[in-house]
Amino acid sequence: MQPPLENVLRNALVHNLELIEPGLRPVQFEEYPLPNAHGTRGSIDILARDRHQMWVVIELKRSRSSARQALHEVNKYTELLCREKNLAPDRIRAVIVAMPDDWEELLIAVSHAARDWSHDLRGYQLLLDSNGTPIGTERVELLPRAFEPRITPIHNLFFFATEEQREQGWRIISKVADELGALDLLAADLDRVAEKHYIPAPFGLYLAVGRVNEELAAADLLEGYDGPEPFAEEHQAEYLALCELCNRLARSNLRGMNMESARPGLLKNLRDDPNWAIQGFRGTGAYDDTAAFEQPDLFRFLTGDERGDSQILYTGTASPEVASRWKAFRQEARQSLGGNHEWESLVDGWLDGVSPKVGEGDVGLHVYNPCDLLGAVIHGWSDRMENLLPIVMGEAVPRQGLQYSVRGALCWNGRGMSFPDAVRLVYRDPLFLMSNMYAGTVWERDRELLDLLGLHYVLLERITPVGAEVSMADEQRIWVHQDQGARVYSSDTDPRGYTQAYASIAADGEIVSIRQYLNRHFREVELVAREYRSFIHTV
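This report concerns the structure included in the present document. Here the structure is a predicted model, which means the values were calculated and not measured.

### Comments concerning the sheet that holds strand E6 (residues 92–98)
Taken in spatial order, the 6 strands make up an open sheet running E1-E4-E5-E6-E7-E8, and their pairing is mixed. Both outer strands of the open sheet, strand E1 (25–26) and strand E8 (134–139), are each paired with one neighbouring strand and no more. In the packing of helix H3 (residues 70–85) onto the sheet, the strands contacted are strand E4 (46–49), strand E5 (55–61), E6 and strand E7 (120–128), and the crossing angle to E5 comes to about 155°. The strands that helix H4 (residues 103–116) touches are E6 and E7; relative to E7, the one it contacts most, it runs at about 160°.

This is how it looks when you write it as structure tokens:
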């Protein structure tokens, strides 16, 4: 049967909109013309009102050749309704009505648009009788969002005595991944490049587990995890998968193999360690063909930078004008600041302030937020502290005008008890520190330690003309965290408040950074570092 002409369908439907949805009624029976002061004009096939008094743009498509125009038409007409008729976007809906065969062309595109569009968008396939007269419609079930095989924070390190053992271990891992439901795994090969003959297992494999697709996963992964590991709560299936991988490798005949837990961010430390070198990447599932990615991409996947999964380290950029990326950028930054309510509040306040000023310009953030001062002292004192201390750096640069630079760090207010006394009061002894490390609660103890020492997180901002040199005349701001949230004080607009804010974070009239504080208390910090190093064998 040849489908009727589009105008015949329109005339038949406009007098019987109940065939599409109960309660629909036409605004007018003819096509609804829309003027456009900005260029292209057009006419809506059918403009209707629904039972909730919303305006409904109904677009009819009767041939596959014209089906691809449907999304363009509904986008244009909904925007014109907003502009020319002063209608609120949340009062407009869109409906696409097409023949069943035409939905083969429309389904993917409409499904994507319906998920990301600000208006409600629905699809119906038209049912005709033998004479080509509309007798009803069926709601089209749009496709769900495609499964995204991204890397989770469930990571582990394996060490092997030989390269051959590493290859054998990878074959075991790949087999288990297939048995558990085509797991998406990504790994990096690490070789010990210094003093290799002194190391019993110099060939490393850094492994990360991708999101488990529940439609393909083995039933054992979907039963849920109820063990003691708090970090597995949000990724239960992935943690169970890692447990099975580790168990299978432990039962293998790979002598000398050992394994350690890992987390996003650790691979960066290994890359920067001169004793280790990343030799390449390998994967299963979505990452089976690692040649499809560039090596920097694979590295970002494993460190958590790509999706902001690293809870201590983040580097990213975005433009406030690109709404989808800006939202993700803010969420990624917020996740890296987790556990640090001061910085989270201050960075959120700063981003709120610069976003309307930057426009189509760029905003960049670098965050290192370990929430573990004692750990930094144990592992970095005294000559390796710079890479272990917390820091925030941000730049907001518009196309023209003023640019905004912010720097954040731990600062000392000149008060507080001695370093050894504060550490003993919070951690009691090295064994208590170890128990907090295994329980994942060091960040809670760290907040107690900072309060006792008189250390607090601050943000200092400088505002300069784009492209100009930094000068003493530049406006400076201090961001401080108060009960009601972030508060900013400007040297230009509120010099008295700025002076008071400066005094509240300074020691004897000057801002003392965490590095300066540690140097001032060198002997006390040295004693604590030695005591705890001797217990956890990190010398």
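### Describing the nonpolar core
Of all hydrophobic cores here, the largest spans 55 residues; its most connected members are Trp 350, Phe 419, Tyr 427 and Leu 518. Here Phe 419 is in contact with Leu 373, Val 377, Leu 453, Tyr 517, Leu 518, Glu 524, Val 525 and Val 528, once residues within four sequence places are set aside. Ranked by size, the runner-up nonpolar core spans 29 residues in total, among them Phe 160, Trp 170, Leu 183 and Met 257.

### Quick notes on the packing of helix H12 (residues 419–427) against helix H14 (residues 442–453)
The contact between H12 and H14 brings their axes to 9 Å, and the two run at 145°. Crossing of H12 over H14 shows right-handed handedness. From H12, Phe 419, Ala 422, Val 423, Leu 425, Val 426 and Tyr 427 reach across to H14, where they touch Val 442, Arg 445, Asp 446, Glu 448, Leu 449, Leu 452 and Leu 453.

### A look at the side chain of Asp 446
Along the chain, Asp 446 falls in helix H14. Buried Asp 446, no salt bridge; nearest opposite-charge side chain is Arg 447, N-O distance 6.7 Å. Once residues within four sequence positions are removed from consideration, Asp 446 is found in contact with Cys 371, Asp 372, Leu 373, Leu 374, Tyr 427 and Tyr 457.

### Describing the sheet that holds strand E9 (residues 151–160)
Ordered in space as E12-E9-E11-E10-E13, the 5 strands form an open sheet in which the pairing is antiparallel. Taken across any chain shown, the strands that pair with only one partner, and hence form the sheet edges, are strand E12 (258–262) and strand E13 (276–284). Mean inter-strand twist for the sheet, computed between neighbouring axes without regard to direction, equals 20°. Pairing of E9 with E12, which is carried by 5 bridges, proceeds in the antiparallel orientation. Opposite Phe 159, over in E12, you have Asn 258 as the bridge partner. Where helix H6 (residues 236–250) meets the sheet, its contacts fall on E9, strand E10 (185–192), strand E11 (203–210) and E12, and the angle it forms with E9 comes to roughly 10°.

### Overview of the pairing of E6
With respect to burial, E6 is a largely interior element, 7 of its 7 residues being buried. Residues of E6 alternate between two faces, with Ile 92, Ala 94, Ile 96 and Ala 98 on one and Arg 93, Val 95 and Val 97 on the opposite face, all of them buried. Inspection of the sheet shows E5 paired to E6 by 7 bridges, in the parallel sense. Its bridge partner lying in E6, Leu 60 is registered against Val 97. Pairing of E6 with E7 involves 6 bridges; the strand directions are parallel. Within E7, the position partnered with Val 95 by the bridge is Arg 122. With H4 bridging E6 and the parallel E7, this β-α-β connection has right-handed handedness.

Rules behind the numbers
- Residues numbered from 1 in each chain as written.
- Predicted model: local features only at pLDDT ≥ 70, side-chain atom pairs only at ≥ 80, totals over all residues.
- Heavy atoms only, no water.
- Pairing = 2+ DSSP bridges.
- Helix = DSSP H or I, 4+ residues; strand = E, 2+ residues; numbered from the N terminus.
- Contact = heavy atoms within 4.5 Å.
- Axes fitted to C-alpha atoms, helices over the stretch in contact; angles between N-to-C directions.
- Core = buried A, V, L, I, M, F, W, Y, C linked by side-chain atoms within 4.5 Å.
- Buried < 20%, exposed > 50% of the residue type's maximum accessible area, 1.4 Å probe, protein only.
- Left-handed = near helix turned anticlockwise from the far one by under 90°.
- Lys, Arg positive; Asp, Glu negative; His and termini not counted.
- Salt bridge = Lys/Arg side-chain N within 4 Å of Asp/Glu carboxyl O.
- Right-handed = clockwise from strand over helix to strand, strands pointing away.

That's the geometry; what it means functionally is another story.
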